[in-house]
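If you want the building blocks of each chain, they are given just below.
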Amino acid sequence: MANNRTSQALRISHQGKTLPQIKNFLRCRASVLRLKRPHHNSVCGIMVTKRQRRQVLIEGKLAAAEYIRMSTEMQDYSGINQQAAIRDYAERHGYSVVRTYADEGKSGLHLRGRDSLQRLLRDVEAGDFPFSAVLIYDISRWGRFQDADESAFYEFLCRRAGLKVIYCAEPFVEDGSTVSAIFKSIKRAMAGEYSRELSEKIFTGQRKMTERGFRQGGPPGLGLRRMLVDRDGEPQGLMAKGQHKSFKSDRTILVPGPADEVELVQRIFSLCADDRLGPQAITDLLNAEAVPRDRGLPWSRAMIRGMLVNEKYVGVNLYNRISSRLGKRRTESPPELQFRKADAFEPLVSRQLFERTQAALVDLARSPPDELLLDNLRALLRQHGYLSGRLIDSLGRFTAAGYSHRFGSLFNAYTMIGYWPEHVQEEARILAGMERVRIDLATRIHADLASVGLDGRWNSYTSVLALPDGRLLSLQIHRSIKTRQGLPAWNLWVGDRASSDFMLFIRMDPNNEAALDLQLVPRILLPPGRYRVVGLSPPFLKAYRFSDVSMLTSRLEDLAHLGP
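Residues numbered from 1 in each chain as written. Predicted model: local features only at pLDDT ≥ 70, side-chain atom pairs only at ≥ 80, totals over all residues. Heavy atoms only, no water.

1. A closer look at the overall build of the chain
For the chain, the helix and strand inventory stands at 16 helices and 23 strands. The burial tally for the chain puts 37% of its 564 residues in the buried class. For the chain, the proportion of contacts with a sequence separation of at least 24, taken over those separated by at least 6, is 63%. Total accessible area computed for the chain in this model is approximately 32900 Å², and 53% of it derives from carbon and sulfur atoms. (Helix = DSSP H or I, 4+ residues; strand = E, 2+ residues; numbered from the N terminus. Buried < 20%, exposed > 50% of the residue type's maximum accessible area, 1.4 Å probe, protein only. Contact = heavy atoms within 4.5 Å. Areas by Shrake-Rupley, 256 points an atom, 1.4 Å probe, with all protein chains shown as cover.)

And the structure:
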């Protein structure tokens, strides 16, 4: 069709024109046609069109969408006021608002949680929008981002899709000029600076309230309740869960809660300080006794530990221990930025009990001596009649992995307490045989290469041999298992990171007594993952299989001479 239109235009306008003029006309016409075709952005993979305004008319007016963001800052920025200003602008400039995107009560520090703005951006990216412009009250309604480029990027997404972005309450003219661009950059920076200044003012005010002994928010915790007081500190009544203050001048303090909760708090501190139980052990004890908790939830280790280290139980009002200012990630503040007011509330536990609890937590966190760990294993064996990694982990004190790290292996720890059942003996036999084969093969390969002048570096801990040319050979030994059909099988594992150039898979024989064969496989041929090899002669390993060490070292010698 484009060619037909071009030919028709040529027939109409060729009269009286020279040949160069006709050629120039064709070139211009072709360029116009190309501009109308969309092209793909090969970097981000999104459909991008040449910048052209969308003209969507509703009863003779340009269709527009409005975006409204209302925080809790002040009444001037309420959703009603913003919408009234936007509608007034639309009426005066010939726009008809056909769609509304509104985020009410949302902070402008980040995009997270602003569902309407996210929906607007998704509609724009998908091309699903029956309007020509986006009307916004002012630049700060995009957001008070600490990086001013973020709001500029969201505006760019709309403009790239052919939409006009209009700020109805801004004094500058949106004409795409350098002056308007400078004004917008300044306004974006001012919006972010406003949030920083407001955050600093709020922080200073809350610090002063903390120093006066008033609570600055957050749940009271087990055994405590919130008491509403007036500006002079006179009690006004207990506050229920979820209840807020009626007047800004009112304040809250913490007071002891029901007697049964206070006794439970004191018992938890005593279990740690006097009975030397850690947070996990206390958690298990309370759950085993079915001690009730708020909302019927089970007790957790995090809750118990949080209680044991919280100074509010000794009457200290603490502020800014954990900081997340300006929407940043929650982090623990340095000690100089933490503010304390001693004797702000009535304590539930004595200072002596609290300090003994902190000392007990430090002692429990220390790694226990070997003999104590072995005594714990002996007690566990007497209680259950057997030992296993899962049973050890259930204690919540020192895990099976910790025993393995401390004594070299879990079986070594079993041996030291005289626990040697049949399945443990079999497992120890297999592991000892695999280790013997690994060391023997590694020593022979290293010696054979050294005999021909190819002395590499052998790391016995990582089982990696560095060839003279710098390439790495990783030895991986795999035990034999049986499938449900009784066939021998081996599980091979290839990690995500390329830690070697070649992998030497060593398969143990079906009895796990000696090496069955060797497979020298280039690392690049196997993507990361787990592979199961079934049968004595799997086809895909046939090309890389070596039956003895001499054939393998001959191949390694050839690879070393070939170079990387």
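2. Focus on the sheet that holds strand S21 (residues 515-522)
Spatially, the 6 strands line up as an open sheet ordered S15-S16-S17-S20-S21-S23, and their pairing is mixed. The open sheet is flanked by strand S15 (457-459) and strand S23 (545-546), the only strands paired with a single partner. Direction of pairing for strand S17 (residues 472-478) relative to strand S20 (residues 502-508): parallel, over a ladder of 6 bridges. Looking at S20, one finds that His478 is bridged to Arg507. (Pairing = 2+ DSSP bridges.)

3. Some points on the pattern of salt bridges
Scanning the entire structure with this criterion turns up 21 salt bridges. The partner of Asp88 in a salt bridge is Arg92, with the nearest N and O atoms 3.0 Å apart. With Asp88 and Arg92 both in helix H3 (residues 79-93) and 4 residues apart, the pair spans about one turn of that helix. Among the residues examined, Arg92 registers a relative accessible area of 53% and is labelled exposed. With a shortest N-O distance of 2.6 Å, Glu155 and Lys184 are connected by a salt bridge. A residue pair is termed long-range when its members are at least 10 positions apart, and Glu155 in helix H5 (residues 148-160) and Lys184 in helix H6 (residues 178-211) qualify at 29 residues. You'll find Glu155 and Lys184 in the same group, each marked buried. Shared partners join several salt bridges into a network, and the residues in it are Glu155, Arg159, Lys184 and Arg188. (Salt bridge = Lys/Arg side-chain N within 4 Å of Asp/Glu carboxyl O.)

4. A closer look at the pairing of S21
Two elements, S20 and S21, share 7 bridges in a ladder whose sense is antiparallel. Bridging across to S21, Phe505 finds its partner in Gln519. Linkage of S20 to S21, two consecutive antiparallel strands, is achieved through a turn of 6 residues, within which Asn512 is found at a positive phi near 55°.

5. A few points about the packing of aromatic side chains
What the rule picks out here adds up to 8 aromatic pairs. Here Phe129 and Phe131 contribute two aromatic rings whose centre-to-centre distance is 5.4 Å and whose plane-to-plane angle is 45°, an arrangement assigned as tilted. Residue classification places Phe129 among the buried residues on the basis of a relative accessible area of 4%. Judged by centre distance (6.1 Å) and plane angle (40°), the ring pair of Phe269 and Phe354 falls under tilted. Note that Phe269 is positioned in helix H7 (residues 259-273) and Phe354 in helix H10 (residues 351-365), a separation of 85 residues in sequence. You can call Phe269 buried: its relative accessible area is 0%. In this structure, Arg507 packs its charged tip against the face of Trp490, placed 4.3 Å from the ring centre. (Phe/Tyr/Trp six-rings, centres within 6.5 Å; stacked < 30°, edge-to-face > 60°. Lys NZ or Arg CZ within 6 Å of the ring centre and 35° of its normal.)

6. So, the nonpolar core
Counting 28 residues, the largest nonpolar core has Ile268 and Tyr313 as the members making the most contacts within it. Per-element accounting of this core gives the leading share, 8 residues, to H7. Residues in contact with Tyr313, not counting those within four places in the same chain, are Gly221, Leu222, Leu224, Val265, Phe269, Met307, Pro347, Leu348 and Val349. The next biggest cluster of nonpolar side chains, apart from the first, holds 23 residues, and it includes Ile430, Leu441, Leu454 and Leu552. (Core = buried A, V, L, I, M, F, W, Y, C linked by side-chain atoms within 4.5 Å.)

7. Details of the packing of H7 against helix H8 (residues 279-288)
Two quantities define a packed helix pair, namely the angle between the axes and the distance from one axis to the other. Remark: H7 packs on H8, axes separated minimally by 10 Å, with the N-to-C direction vectors making an angle of 135°. With respect to each other, H7 and H8 are oriented oblique. At the point where H7 passes H8, the crossing takes the right-handed sense. Residues Leu264, Arg267, Ile268, Leu271 and Cys272 of H7 form the contact with H8, whose participating residues are Ile282, Leu285 and Leu286. A breakdown of the residues in the contact of H7 with H8 according to their chemical character gives 7 nonpolar, no polar and 1 charged. (Axes fitted to C-alpha atoms, helices over the stretch in contact; angles between N-to-C directions. Parallel < 35°, antiparallel > 145°, perpendicular 65-115°, else oblique. Left-handed = near helix turned anticlockwise from the far one by under 90°. Nonpolar A, V, L, I, M, F, W, Y, C, P; charged D, E, K, R; others polar.)

8. What to know about the confidence of the model for the chain
Confidence along the chain averages 76 in pLDDT terms, with 77% of residues attaining 70 or more. In the model, residues 1-20 has pLDDT below 50 throughout and makes 13 contacts with residues more than four positions away in sequence or in other chains. Low pLDDT, under 50, characterises residues 25-51; the predicted model gives this stretch 25 contacts beyond four residues in sequence or across chains. (pLDDT = per-residue confidence, 0-100.)

9. Brief notes about a nonpolar patch on the surface
On the surface, Ile182, Ile186 and Met190 cluster together to form a nonpolar patch covering roughly 290 Å² of accessible area. Note that Ile182 resides in helix H6. (Patch = residues over 30% accessible without salt bridge, like charges linked within 9 Å, V, L, I, M, F, W, Y side chains within 5 Å.)

10. Observations concerning the sheet that holds strand S9 (residues 235-239)
Reading across from one edge, S9-S8-S10 is the order of the 3 strands in this open sheet, with antiparallel pairing throughout. What marks the edges here is a single partner per strand, and that holds for S9 and strand S10 (251-256). Pairs of neighbouring strands in the sheet enclose a mean axial angle of 35°, with direction left out of account. Where strand S8 (residues 224-229) lies against S9, 4 bridges are found, and the strand directions are antiparallel. Its bridge partner lying in S9, Met227 is registered against Leu238.

11. Section: the side chain of Asp103
Relative to the assigned elements, Asp103 resides in strand S5 (residues 95-104). Here Asp103 is buried and forms no salt bridge, its nearest opposite-charge partner Arg114 lying at an N-O distance of 4.1 Å. A distance of 3.4 Å separates a polar side-chain atom of Asp103 from the backbone nitrogen of Asp115. The residues contacting Asp103, other than those within four sequence positions of it, are Tyr67, Ile68, Arg69, Met70, Arg114, Asp115, Ser116 and Leu117. (Lys, Arg positive; Asp, Glu negative; His and termini not counted. Polar contact = N/O pair within 3.5 Å; in protein donor to acceptor, adjacent residues only side chain to side chain.)

12. Points about the side chain of Lys312
When you line up the elements, Lys312 lands in the loop between helix H9 (301-308) and strand S11 (317-319). Excluding anything up to four places from it in sequence, Lys312 contacts Arg215, Pro219, Pro220, Gly221, Leu224 and Leu254.

13. Quick notes on H8
Listing the buried residues of H8 in full gives Pro279, Ile282, Thr283 and Leu286. In an axial view of H8, the angular spread of the buried residues amounts to 105°, which keeps them on one side of the axis. Of the surrounding elements, those touching the buried residues of H8 are H7, H9 and H10. Ala290, located one to two residues past H8, shows a positive phi value of around 60°. (Arc of directions from axis to C-beta.)

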